[in-house]
Amino acid sequence: MDIEQLTYTFPKALQPFFKDLSFQLPEHQVNFLIGQNGAGKTTLVDILLGLRPFKGHITPTLTNIYLNQQLPMLTSIRVCDVAVLVLGIETGRRRLTLADLASLVDGPTLAFLTPIWERHYRELSGGQRKLVQLLLFLQVDRELVVLDEPTAMIDREHAATLFTVMRAHPDRTYLMITHDVRDLAAFPAYQVLWLADHQIKASVDRATFEAALPQSAFMQAFQTV
Amino acid sequence: MRKYNVQVWLYTRYFVKVMLDNVSVLLYTVGLPILFLGLNLKSYFFKTVSLAQYTKLVLPFIAWIIVANTMVMVSEVALLREQGYLKQYASLVVNPSVFIISKAVVNLMLVGVILGLVAAVSALLFRVAFVAVLWRLWSVLLLVSVPIWGYCLPILSFRLRYQTVSGIINVVTLVVMIGSVAIGHALHLTITNVAANVLSPVYLVMNCFNVLVIGDWRNFLPGYLVACLGLGLVGWLSYRHLQLLPAEGL
């Protein structure tokens with residue numbers, strides 16, 4: 001995915017926030033977006049999703065889905081209700097049983113959802129609630145999947161489940177905002193984009209990232225985000 | 001189209017669950033209009049009221065019930081947006097109108113129940129025929145749904161912070177209702193007044209009920225169609241400018 005000469009100005013702002021931003025998102029792999037709070041990560045994601053008007057070119061246009069950092073759901077509903085909502089919307093089914101689930105979701109998601117299928121949201125931990133939505137949304141078939149800090153507020157066991165599900169769909173292009181360097185180790189190939197000062201300051205692949213010296217500007221930056 | 005309908009059905013069911021989840025708010029929403037109706041019209045209790053009198057006495061309350069509930073439904077969509085819900089779920093549904101149509105269906109159901117209770121209370125207190133009032137109130141609800149959503153939808157075209165949504169909704173509701181009352185005082189109720197039908201939801205609601213009583217559709221239809229098409233256009237344009245992103249970036 002090529003992003004060329006992207007310029008974006010906030011409504012009522014005089015100066016553009018991003019000016020002539022150009023970078024690439026290699027398809028069918030994970031792309032990490034890092035940067036300090038206020039760097040514009042979510043704004044950049046909004047632009048890539050087509051939610052903010054911009055000047056420039058993004059090619060090709062990919063079907064996409066976005067997963068928020070945290071999404072409140074009604075505590076009185078059950079996990080199966082959330083599954084019917086997300087998977088029903090995607091598949092056109094009005095009803096969904098646990099038996100149906102096996103044909104609609106991947107193995108790790110089925111293993112995670114089965115024991116909690118009938119449980120109410122209020123009976124789940126915050127991490128479990130988040131993972132329920134993340135895993136269900138990851139069953140929706142889109143070319144570009146954008147995850148906004150998916151591992152914030154979930155433990156590493158749940159993060160590992162999330163990454164297993166992501167790896168189960170290698171045909172997609174992932175863009176993940178993260179502040180946790182441990183997330184990178186879960187993927188055999190990736191690109192890290194460092195957003196700072198309204199520019200993509202660095203764009204490195206796994207080999208370059210792992211070979212980078214701790215005192216390099218890029219690694220120093222990761223320590224601070 | 002089938003997928004769209006299923007999505008509306010699923011979201012309607014979810015929003016009904018959300019509504020039933022908070023029984024105290026639901027009882028307040030249903031009960032408050034009935035209470036106000038009783039407090040304001042207690043001098044007419046247990047007297048026989050004609051349908052023409054009923055139009056003047058009760059229909060302004062009906063207008064308030066429909067407008068206020070529709071405003072609340074619109075504000076709930078705005079609050080979902082401020083929680084980042086629209087941004088995430090917009091990428092899942094066929095298009096964001098699924099949220100609005102689902103809320104409109106829930107609103108129809110809720111206001112339909114309230115109007116059913118109003119008809120029952122009216123039959124008891126004002127000695128009007130229950131069925132004669134009920135079918136007219138439900139018909140009015142259907143007739144004014146599109147124009148009143150046209151009044152309310154522009155709110156979704158503006159960026160509003162979570163904390164300000166309720167305040168804005170209250171102000172807009174007050175302006176619409178006070179403006180309507182002012183227009184009502186300035187003009188006599190006549191089903192042929194196109195401008196009043198467009199500008200005042202109170203006037204429109206009263207006229208819709210009135211035409212169902214007197215049956216003068218030929219004179220009523222031009223004004224009603226202008227209101228329907230004009231406010232429907234406002235609603236459509238508002239939807240075209242629907243804000244999906246929260247005002248405070250999440």
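Quantities reported herein were computed from a predicted structural model and do not represent experimental measurements. (Residues numbered from 1 in each chain as written. Chains lettered and ligands numbered in written order. Predicted model: local features only at pLDDT ≥ 70, side-chain atom pairs only at ≥ 80, totals over all residues. Heavy atoms only, no water.)

> I'd like a rundown of the overall build of chain A, residues and numbers included.
A tally of helices and strands in chain A yields 8 helices and 9 strands. Dimensions of chain A along its principal axes, counting C-alpha atoms only, are 50 × 40 × 30 Å. Counting only residues that meet the buried cut, chain A has 54% of its 225 residues in that class. Look at the contacts in chain A between residues 6 or more apart in sequence, and 65% of them connect residues 24 or more apart. Per element, the accessible surface of chain A, about 9,900 Å² overall, is 52% carbon and sulfur. Of note, chain A has its 20 positive side-chain charges centred 7 Å away from the centre of its 23 negative side-chain charges. (Helix = DSSP H or I, 4+ residues; strand = E, 2+ residues; numbered from the N terminus. Buried < 20%, exposed > 50% of the residue type's maximum accessible area, 1.4 Å probe, protein only. Contact = heavy atoms within 4.5 Å. Areas by Shrake-Rupley, 256 points an atom, 1.4 Å probe, with all protein chains shown as cover. Lys, Arg positive; Asp, Glu negative; His and termini not counted. Charge placed at Lys NZ, Arg CZ, Asp CG, Glu CD.)

> So, the interface of chain A and chain B: which residues are in play, and what are the values?
Taken together, the contacts link 33 residues of chain A with 24 residues of chain B. Carbon and sulfur atoms supply 61% of the area buried between chain A and chain B, which totals about 2,700 Å² over both sides. Notably, a salt bridge pairs Lys17(B) with Asp81(A), separated by 3.0 Å at the nearest N-O pair. Scanning the region where chain A abuts chain B turns up 11 residue pairs in polar contact (both at pLDDT 80 or more). Looking at the side of chain A that touches chain B, the elements that each hand over two or more residues are α1 (41–48), β5 (64–67), α2 (79–91) and α5 (126–137) of chain A. With 7 residues, the single largest contributor to the side of chain A that touches chain B is α2(A). Across the side of chain A that touches chain B, the residue classes tally to 15 nonpolar, 9 polar and 9 charged. (Buried area = accessible area lost by both parts, 1.4 Å probe. Salt bridge = Lys/Arg side-chain N within 4 Å of Asp/Glu carboxyl O. Polar contact = N/O pair within 3.5 Å; in protein donor to acceptor, adjacent residues only side chain to side chain. Nonpolar A, V, L, I, M, F, W, Y, C, P; charged D, E, K, R; others polar.)

> Lay out the pairing of strand β6 (residues 144–148) of chain A in plain terms, naming residues and giving numbers.
Residues and elements named next belong to chain A. The buried fraction of β6 amounts to 5 of the 5 residues, a majority that puts the element mostly inside the structure. Residues Leu144, Val146 and Asp148 point to one face of β6 and Val145 and Leu147 to the other, with burial holding for every one of them. Pairing of β5 with β6, which is carried by 4 bridges, proceeds in the parallel orientation. Across the sheet, Tyr66 pairs through a bridge with Val146, a residue of β6. As defined by bridge partners, β6 adjoins strand β7 (residues 173–177) across 5 bridges and the pair is classed as parallel. (Pairing = 2+ DSSP bridges.)

> Describe the UniProt feature "transmembrane region" (unreviewed entry) in chain B, with residues and values.
All names here are of chain B. Under the feature "transmembrane region" (unreviewed entry), the UniProt entry names residues 25–45, 57–80, 100–126, 133–156, 168–187, 194–215 and 221–239. Along residues 100–126 the backbone is 96% helical and 0% strand, and the end-to-end C-alpha distance reaches 36 Å. Overall, residues 221–239 shows 100% helix and 0% strand. The separation of its end C-alpha atoms is 26 Å. (UniProt positions renumbered as here; feature names shortened; annotations may be inferred.)

> Residue-level account of the layout of surface pockets, with values.
All names here are of chain B. As a volume, the largest pocket reaches approximately 1,200 Å³. Of all the secondary structure elements, the ones that give two or more residues to the lining of the largest pocket are α1 (2–21), α2 (23–40), α3 (51–82), α5 (97–125) and α7 (162–186). Among the elements that make up the lining of the largest pocket, the one with the highest residue count is α3 (10 residues). (1 Å grid on protein atoms, 1.4 Å probe; cavity = no way out; pocket = protein on both sides within 12 Å on 5 of 7 lines; lining within 4 Å. Points joined across faces, edges and corners; volume = space filled by probe spheres on them.)

> Go over the pairing of strand β1 (residues 2–8) of chain A, please, and point to the residues and values.
Residues and elements named next belong to chain A. As judged from the 4 bridges shared by β1 and strand β2 (residues 18–24), these two strands associate in the antiparallel manner. Across the sheet, residue Asp2 finds its bridge partner in β2, namely Gln24. Both β1 and strand β4 (residues 55–59) contribute to a ladder of 4 bridges, which runs antiparallel. Across the sheet, residue Glu4 finds its bridge partner in β4, namely His57.

> If you had to explain the sheet that holds β1(A) to someone new, which residues and values would you point to?
All names here are of chain A. Reading across the sheet, the 3 strands line up as β2-β1-β4 and stay open at both edges, with antiparallel pairing between neighbours. Two strands in the sheet have a free side with no partner beyond their single neighbour: β2 and β4. The average angle at which neighbouring strand axes cross in this sheet is 20 degrees, direction not considered. Sitting on the sheet, α1 touches β1, β2 and β4, and the angle it makes with β2 is about 70 degrees. (Axes fitted to C-alpha atoms, helices over the stretch in contact; angles between N-to-C directions.)

> Tell me about the domain arrangement of chain A, and name the residues and values.
All names here are of chain A. By the assigned domains, chain A splits into domain 1 (1–63 + 142–225) and domain 2 (70–140). Here domain 1 and domain 2 have C-alpha centroids that lie 27 Å from each other. Across the contact, 18 residues belong to domain 1 and 15 residues belong to domain 2. Summed over both partners, the interface of domain 1 with domain 2 comes to about 1,300 Å²; 69% of that surface belongs to carbon and sulfur atoms. When residues of domain 1 are sorted by the area they lose upon contact with domain 2, Arg142, His158 and Val165 head the list and together hold 36% of the total. Between Arg142 and Glu90 there is a salt bridge, with the nearest N and O atoms lying 3.2 Å from each other. In this structure, the connection of domain 1 to domain 2 is made through 8 residue pairs in polar contact (both at pLDDT 80 or more). Put simply, the parts of the chain that give the side of domain 1 that touches domain 2 at least two residues each are β6 and α6 (156–167). (Domains from an automatic or database assignment.)

> Hey, could you go over the environment of Pro154(B) for me, with residue numbers and the actual values?
Residue and element names in this part refer to chain B. Here Pro154 is to be found in the loop between α6 (130–152) and α7. Put simply, Pro154 and Leu242 are 88 residues apart on the chain and 8.3 Å apart in space, counted from C-alpha to C-alpha. Apart from residues no more than four positions distant in its own chain, Pro154 is found in contact with Val234 and Ser238.

> How would you sum up α1(B)? Please name residues and give values.
End to end, α1(B) covers 28 Å across 20 residues, agreeing with the expected 28 Å (1.5 Å per residue, within 8%). Those residues of α1(B) lying buried are Tyr4(B), Val6(B), Gln7(B), Val8(B), Leu10(B), Tyr11(B), Thr12(B), Tyr14(B), Phe15(B), Val16(B) and Met19(B). Looking at the buried residues of α1(B), the elements they touch are α2 of chain A together with α2, α3, α4 (85–89) and α5 of chain B. (Expected span 1.5 Å × (residues − 1).)

> Mind laying out the side chain of Asp183(A), listing which residues take part and the relevant values?
Residue placement: Asp183(A) occurs in the loop between β7 and β8 (190–196). Filtering out sequence-adjacent residues up to four positions away, Asp183(A) remains in contact with Phe32(A), Thr151(A), Arg156(A), Phe163(A), Met176(A) and Thr178(A).

> Report on the side chain of Asp106(A), specifying residues and quantitative values.
Residue and element names in this part refer to chain A. By the element assignment, Asp106 lies in the loop between α3 (98–101) and α4 (107–113). Within the buried core, Asp106 has no salt-bridge partner, and the shortest N-O distance to an opposite charge, that of Arg172, equals 6.5 Å. Leaving out residues up to four positions away in the same chain, Asp106 has contacts with Gln139, Val165, Ala168 and His169.

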